[in-house]
Amino acid sequence: LERPNLLVITGAGASTESGLPDYRGPQGAYTTDKGWRPTTHQEFCQSSASRQRYWARSFRGWPTMRDAQPGPAHLALQRLRLQGRVDRLVTQNVDGLHGKVGDDDVVELHGSLWRVRCLSCGAESGREEMQERMA
């Protein structure tokens, strides 16, 4: 093959070296708080109380997410992409760290915390704008 068609899928392990905890690691929510469970999409859409709980927790954690810098995995994958050795990058992460190294062609399976969409009207805004409105 002159050029392989290589797909790379990343998950939490790509971002833990950037200081972002994973849910199932030693300091993750599943490990440290046995009663914790993530908000499901259905709960978020159907319950005002669920949305308030989500946004309160997300508001508090946003500075850590916003300030995180790409780690070795993000940098290595970007080098491989620039060399043409990786054709497609898919991530389960919502942190945007692949984008911070300049990769704007990433499939984000679970979306991104960097963009917010209103459930009522569909308007989109950047997360920083939403953070300022909640402050």
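Look a little higher up for the structure.
Residues numbered from 1 in each chain as written. Predicted model: local features only at pLDDT ≥ 70, side-chain atom pairs only at ≥ 80, totals over all residues. Heavy atoms only, no water.

J.: Looking at this model, I keep getting lost on the nonpolar core. Mind explaining?
T.: If you look at the biggest cluster of nonpolar residues, it comprises six residues: Leu20, Trp62, Met65, Ala68, Leu97 and Leu113. Contacts of Leu97, omitting those with residues within four sequence positions, involve Ser15, Ser18, Leu20, Ala68, Gln69, Pro70 and His74. With five residues, the next largest nonpolar core counts Val8, Leu77, Val86 and Val106 among its residues. (Core = buried A, V, L, I, M, F, W, Y, C linked by side-chain atoms within 4.5 Å. Buried < 20%, exposed > 50% of the residue type's maximum accessible area, 1.4 Å probe, protein only. Contact = heavy atoms within 4.5 Å.)

J.: How do you make sense of the packing of aromatic side chains when you look at a structure like this?
T.: Working definition: an aromatic ring pair is given by the centre-to-centre distance plus the angle between the planes. Under the counting rule described, the total for this entry stands at three aromatic pairs. Relative to Trp114, the ring of Trp62 has its centre 4.9 Å away and its plane inclined at 70°; by these criteria the two rings are edge-to-face. Placement of Trp62 in helix α4 (residues 48-67) and of Trp114 in the loop between β3 (106-108) and β4 (115-117) is noted, with a sequence separation of 52 residues between them. According to the relative accessible area criterion, Trp62 is buried, its value standing at 1%. Judged by relative accessible area, which is 26%, Trp114 ranks as partly exposed. An aromatic cluster of three or more residues is present, and its members are Phe44, Tyr54 and Trp55. (Phe/Tyr/Trp six-rings, centres within 6.5 Å; stacked < 30°, edge-to-face > 60°. Helix = DSSP H or I, 4+ residues; strand = E, 2+ residues; numbered from the N terminus.)

So, to be careful, I would describe these as geometric facts and stop short of saying anything about function.
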